[in-house]
Amino acid sequence: MKLNERSLAFYATCDSPADNSGFLYKRGERHTAYHRRWFVLKGNMLFYFEERESREPVGVIVLEGCTVELCDSAEAFAFAIRFGGAKSRTYVLAAESQAAMESWVKSLSRASFDYMRLVVRELEKQLEEMRLGTAGGCQQSPGSWKQKPSGLEQFPERLPALPTVLPKENGCAVWNNAPGADQSPNTCYGGHNSQGSPRPLPLPPRRRASSSEAGSAGAAVAETPSTFCWLHERYGREVTQLRQEWLERRRGPRL
């Protein structure tokens, strides 16, 4: 992996919080002597300095694909960072106390992205189990469950009276069932005017809410989208049928 020395030096000495820091004894690669170094752990990178006040790190260990374990050494409280490759180097470190060693082993074992992926997967699994448990706890037996009445069932008096079958006279629909309608039962819509052009079909009358109903929440129940769709589908079929009959009359009798 190619690393930029300036970027690493800046990251090691910047004011970003460190996951762990302190003095450790590091065994040399060629010589087995231990040297006291200042270590700073940030993310998955373990920096070590000559002194605590040093402005640049001596080296960095990228904690990916490695294991942290205790080891036997001449120094007390020793542990090792081992990598999987055959020619990979093993870093042997030693802390100054048992508590410091346990703290470093724990923080170094949790520094890699592999560990973070395992944590994320475990949290996702627990979240899914909680969702399934919540969904199972909300289920009720079919006998104890009762459907709540909708807004239309709670306020049946707010709906306009609708006929089960629209009356027809001479092939034209009659709309006289709305409250306060002025048309007589024999009034026929559609047909042709004096000039011979077809008359447009009337729109259904809208129900006007009274002053007492204007401020109530139930006044808008009759104009819900479900009611509109039902009316649109019901009278749309009637309009389609009337249009089809009008087109057939316009074409004339078939030979």
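Fair warning: this is a prediction, and the values are worked out from it, not measured in the lab.

A count of helical and extended segments in the chain gives six helices and nine strands. Here the chain holds 255 residues, and the buried ones make up 24% of them. Summed over its atoms, the accessible surface of the chain is roughly 19,100 Å², and 52% of this surface lies on carbon and sulfur atoms.

Excluding glycine, a negative phi dihedral is what most residues carry, and trans is how most peptide bonds are arranged. Of note, Phe77 is a non-glycine position whose phi angle comes to about 60 degrees, a positive value. For Phe77, the position within the fold is in the loop between strand E5 (66-70) and strand E6 (78-83).

Bringing the packing of aromatic side chains into the picture now. Counted by the stated rule, this structure contains four aromatic pairs. Here Tyr11 and Phe47 contribute two aromatic rings whose centre-to-centre distance is 6.0 Å and whose plane-to-plane angle is 65 degrees, an arrangement assigned as edge-to-face. Taken as a pair, Tyr11 in helix H1 (residues 5-13) and Phe47 in strand E3 (residues 45-49) lie far apart in primary sequence, 36 residues in all. Under the relative-accessibility criterion, Phe47 is labelled buried at 0%. Centre to centre, the rings of Phe83 and Tyr91 are 6.4 Å apart; their planes meet at 75 degrees, and the pair counts as edge-to-face. On the accessibility criterion, Tyr91 (14% relative accessible area) is buried. Sitting over the face of the ring of Phe23, Arg36 holds its NZ or CZ atom 3.8 Å from the ring centroid. In this structure, Lys42 is placed above the aromatic ring of Tyr11, and the distance from its NZ or CZ to the ring centre is 5.4 Å.

Cut-offs and rules
- Residues numbered from 1 in each chain as written.
- Predicted model: local features only at pLDDT ≥ 70, side-chain atom pairs only at ≥ 80, totals over all residues.
- Heavy atoms only, no water.
- Helix = DSSP H or I, 4+ residues; strand = E, 2+ residues; numbered from the N terminus.
- Buried < 20%, exposed > 50% of the residue type's maximum accessible area, 1.4 Å probe, protein only.
- Areas by Shrake-Rupley, 256 points an atom, 1.4 Å probe, with all protein chains shown as cover.
- Phe/Tyr/Trp six-rings, centres within 6.5 Å; stacked < 30°, edge-to-face > 60°.
- Lys NZ or Arg CZ within 6 Å of the ring centre and 35° of its normal.

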